[in-house]
Amino acid sequence: MFTLIKREICDNIVYFIGAAILTAILIAIVIFMAYQIGRGDSVVYIGLSLPVIVILMIGFSGMGVSQMYTDRARKISAFLSILPVSRNQILFARIVTGILAILTVILPLIATCMALRYLFAPPIPVLSGIFYDIFIVVFLLGFACYCLGLMTGWTTNKIAPAMACFVLTFILASLIIVKGFGPCIKGILILFIVACLTRTWQKYTSTSL
Amino acid sequence: MRILKNYYIRITAAGIIVLILLSLPLFWARWFCQRPLGDIMPMDYRTVDIITSELVPSDIESDPNVLRHSMVHAHIIYPEAPLTLVIANYFADKAPEGRLSDIFILKQTMKAGNGYISIKNRPVKLLLAGC
């Protein structure tokens, strides 16, 4: 299993490097926000961070599409099936790789925000609940977009999955604006993730190689 | 039997995905169309006046000395567009003195600091603001 995960990471190392660069940019924005928050309106900075989140989501879904499309086009699963590896294990390794890519972005941001909170925030935890809600929702949204990419990428057509994934990711990311960061969006996203993974698993395991 | 079970799972999963992804464009379509539709609506359709309201007993309404009969008036109020989005409500609710916040700002001259107070039988954190 670890060999499979390692192989997936090596195949998609570009996305991990991109995620690390975007994380560095986001950390710089967050630090800038922390220094400016006393002078300006914080809602403006939160609004500015939303497009960055959308770009990240498109990246995650692109990673899912890339993994599945490459597999379908280059017959990687067919090659791996001659080894003692089941298709479920290949798919599981792929999903773990996606989660690792999302955590590459989320974990450094959480650490930065917590450090800034202890440095700048008042002793009463005014914003702690908001921080946890935002990071949980962003993680779930990133994973939902990744699952969407996995689902749409399992095809031999080159243009359709890319376009469909781009449009659907944009639609799905707007869910944050519609539903905020409360428990309702978490429920919707978990339901969406379960449905996408079920559909992907069925398509992936039932297709003849 | 197994094929039938897989079929049901596949249909349910596809249904959930389509429901979520279709409801979002429909929401945005309604959100963008709401204000223009309200603007082109004739003024007569925006208000309703019911005279007499029938909330007051009929013997009072039928009294010839009544100068003004009871009336019910209703009109459409268009909320500010961003306020209809839950993200705006979320931050408003979580902010100090918001609906879901347990932090209140005491607006009177006191020494700044932190304290605790019980309001409505639930513990709340109190942020004292000297002014």
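The structure we're discussing is the one just above.
Residues numbered from 1 in each chain as written. Chains lettered and ligands numbered in written order. Predicted model: local features only at pLDDT ≥ 70, side-chain atom pairs only at ≥ 80, totals over all residues.

Caption draft 1: Quick peek at the overall build of chain A. Counting secondary structure elements, chain A contains nine helices and zero strands. Written out in order from the N terminus, the α and β elements of chain A read α-α-α-α-α-α-α-α-α. Residues classed as buried in chain A amount to 32% of the 209 residues present. (Helix = DSSP H or I, 4+ residues; strand = E, 2+ residues; numbered from the N terminus. Buried ≥ 20, exposed ≤ 12 C-beta atoms within 10 Å, placed from the backbone.)

Caption draft 2: Structural context of the interface of chain A and chain B. Contacts between the two partners involve 25 residues from chain A, matched on the other side by 24 residues from chain B. Going through the elements one at a time, helix 6 (128-153), helix 7 (159-173), helix 8 (175-179) and helix 9 (183-206) of chain A are the ones with two or more residues in the side of chain A that touches chain B. Top element by residues in the side of chain A that touches chain B is helix 9 of chain A. It accounts for eight residues. Partitioned by chemical class, the residues of the side of chain A that touches chain B number 17 nonpolar, six polar and two charged. (Contact = placed C-beta atoms within 7 Å. Nonpolar A, V, L, I, M, F, W, Y, C, P; charged D, E, K, R; others polar.)

Caption draft 3: Expanded view of the environment of L50 of chain A. On the secondary structure map, L50 of chain A appears in helix 3 (residues 42-74). Separated by 124 residues in sequence, L50 of chain A and S174 of chain A place their C-alpha atoms 9.6 Å apart.

Caption draft 4: Just the environment of F143 of chain A, in detail. All names here are of chain A. Positionally, F143 belongs in helix 6. Residues F143 and L189 lie 46 residues apart in sequence; the distance between their C-alpha atoms is 8.9 Å. Every residue in contact with F143, bar those within four places of it in the chain, is listed here: I99, I102 and I193.

Caption draft 5: Broad picture of the pairing of strand 2 (residues 71-75) of chain B. All names here are of chain B. Little of strand 2 sits inside the fold, with zero of its five residues counted as buried. Relative to strand 2, strand 1 (residues 47-51) runs antiparallel, the two sharing five bridges. When the bridges of strand 2 are listed, I51 appears paired with M71. (Pairing = 2+ DSSP bridges.)

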